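Chain by chain, the residues:
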Amino acid sequence: MAGKESSAELYWGSGSFPCWRAMLCLAEKNVKYKSHLLSMDKKEHKSEDLLKLNPRGQLPIFKHGQLIINESVGICQYAESAFKGQGTQLMPEEPSQQAAVWQRTLEAENVRQRAVLDTLMYMWTTKPEEIDQDLLKKKKQALGQEVQLWERYLAKQKPGSHIAGPDFTIADATFWPSLAFLVQMGVPLQSCCPHLVKYYEMVKQRPSVEETWPPHWKTTPSPGLLKDVF
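The structure presented is a predicted model; accordingly, all values stated were derived computationally and were not measured.

Enquirer: Sorry if this is basic, but what is going on with the pairing of strand β3 (residues 61-64) here?
Expert: When strand β1 (residues 8-12) meets β3, the two strands line up antiparallel, connected through 4 bridges. Counterpart to Leu-10 in the pairing with β3 is Phe-62. Here 3 bridges tie β3 to strand β4 (residues 67-69), and the two strands are oriented antiparallel to one another. Each bridged residue has a counterpart across the sheet, and for Lys-63 the counterpart in β4 is Ile-68. Between β3 and the antiparallel strand that follows it, β4, lie 2 residues; Gly-65 among them carries a positive phi value of about 65°.

Enquirer: Honestly, the environment of Thr-220 in this entry has me stumped. Any pointers?
Expert: Mapped onto the fold, Thr-220 is located in the segment after α9 (207-212). Residue Thr-220 is classed as partly exposed on the basis of its relative accessible area of 36%. Separated by 133 residues in the primary sequence, Thr-220 and Gly-87 place their C-alpha atoms 32 Å from one another. Of note is the side chain of Thr-220, whose polar atom sits 2.7 Å from the backbone oxygen of His-216.

Enquirer: For this particular structure, what's the right way to read helix α5 (residues 109-125)?
Expert: Note: α-helices contain 3.6 residues per turn, so residues at a spacing of three or four share the same orientation. Along α5, the helix axis deviates most sharply at Thr-119, where the bend reaches about 25°. Looking only at α5, the buried set comprises Val-111, Ala-115, Val-116, Thr-119, Leu-120, Tyr-122 and Met-123. Where α5 is buried, its residues touch α1 (17-28), α4 (95-107), α6 (133-155) and α7 (170-184).

Enquirer: I tried to follow the layout of surface pockets on my own but got confused; where do I start?
Expert: Any empty space left between atoms is shown by rolling a water-sized probe over those atoms. One number sums up the size of the largest pocket: a volume of about 1200 Å³. Within the residue set of the lining of the largest pocket, elements represented by two or more residues are α1, α3 (72-82), α5 and α7. If one sorts the elements of the lining of the largest pocket by residue count, α5 sits on top with 6 residues. For the lining of the largest pocket, the class distribution of residues is 16 nonpolar, 13 polar and 7 charged.

Enquirer: How should the pairing of β1 be read in this particular structure?
Expert: A regular strand carries its side chains on alternate faces of the sheet. For β1, a buried count of 5 out of 5 residues is recorded, marking the element as mostly surrounded by other parts of the structure. Alternating positions in β1 separate into two faces, Ala-8, Leu-10 and Trp-12 on one and Glu-9 and Tyr-11 on the other, with burial throughout. For the segment spanning β1, α1 and strand β2 (residues 34-37), crossover handedness is right-handed.

Enquirer: Looking at this structure, I do not really get the sheet that holds β2. What am I missing?
Expert: Backbone-to-backbone hydrogen bonds pair the strands of a sheet. The strands run either parallel or antiparallel. Here we have 4 strands laid out as an open sheet, ordered β2-β1-β3-β4, and mixed in their pairing. Across the chains shown, the open sheet's two edge strands, defined by having one partner strand only, are β2 and β4. Pairwise comparison of adjacent strand axes, ignoring direction, gives a mean angle of 15° for this sheet. Where β1 lies against β2, 4 bridges are found, and the strand directions are parallel. From the neighbouring strand, Glu-9 faces β2, where its bridge partner is Lys-34. α3 rests against β3 and β4 of the sheet, and its axis sits at about 135° to β4.

Enquirer: Teacher, can you tell me more about empty space enclosed by the protein here?
Expert: In this structure the tally under the stated criterion is 1 cavity of 30 Å³ or more. Put simply, the largest cavity is a space of about 40 Å³. Lining the largest cavity are Trp-12, Gly-13, Ser-14, Gly-15, Ser-16, Cys-19, Trp-20, Met-23, Thr-212 and Pro-214. No other element matches α1, which puts 3 residues into the lining of the largest cavity. The residue makeup of the lining of the largest cavity, split by class, is 5 nonpolar, 5 polar and no charged.

Rules used in this analysis
- Residues numbered from 1 in each chain as written.
- Predicted model: local features only at pLDDT ≥ 70, side-chain atom pairs only at ≥ 80, totals over all residues.
- Heavy atoms only, no water.
- Pairing = 2+ DSSP bridges.
- Helix = DSSP H or I, 4+ residues; strand = E, 2+ residues; numbered from the N terminus.
- Buried < 20%, exposed > 50% of the residue type's maximum accessible area, 1.4 Å probe, protein only.
- Polar contact = N/O pair within 3.5 Å; in protein donor to acceptor, adjacent residues only side chain to side chain.
- Bend = angle between axes of the 7 residues up to and from the residue.
- Contact = heavy atoms within 4.5 Å.
- 1 Å grid on protein atoms, 1.4 Å probe; cavity = no way out; pocket = protein on both sides within 12 Å on 5 of 7 lines; lining within 4 Å.
- Points joined across faces, edges and corners; volume = space filled by probe spheres on them.
- Nonpolar A, V, L, I, M, F, W, Y, C, P; charged D, E, K, R; others polar.
- Right-handed = clockwise from strand over helix to strand, strands pointing away.
- Axes fitted to C-alpha atoms, helices over the stretch in contact; angles between N-to-C directions.

By themselves, these figures tell us nothing about what the structure is for.
Here is the structure:
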């Protein structure tokens, strides 16, 4: 392990969007770190020791020497800057291209908002007999509209492009976990989003994606909770 990386550690949870973002960027930059996989079901990320690292009790947590970063996009940007001479260049040099990357990076949170916080959390925290089906339908429609927006973004790109341009960047590391989660939840992209399907298949083949694929997804079948979004 290289000296610059020898003190790096990552605390993460399987399937967490923010954790996967950070792991993708670290993998793309070839950053070696000590991995701490925590069970969020067992609230291991809420332990006294972990709260000392992140008082919010959230993951991921990245340590590099005395530095602690608890925000996934911050981890990605730090990895790009601190390990600039190795691995994939995750941020282009040209200012307008940088702006495009940051635009899509920050926009990607909308997918998580629509899918998890708005729709699935409502389904998970509401008794089945108390679910307002009209409200749920509206939430799923909003998610569908969000997905179709990203389809239009890709449609404007040249064939084989990534989400913010020709190359894989922080924007892809941020957006990809959301897209993969939608597929895992049964969203039928094939019915409406050919560009997203091609993008999904292309990015899925990257070594960084294969290396960081959520462990529990390998053995857990899709619950299909979002199969009727379209």
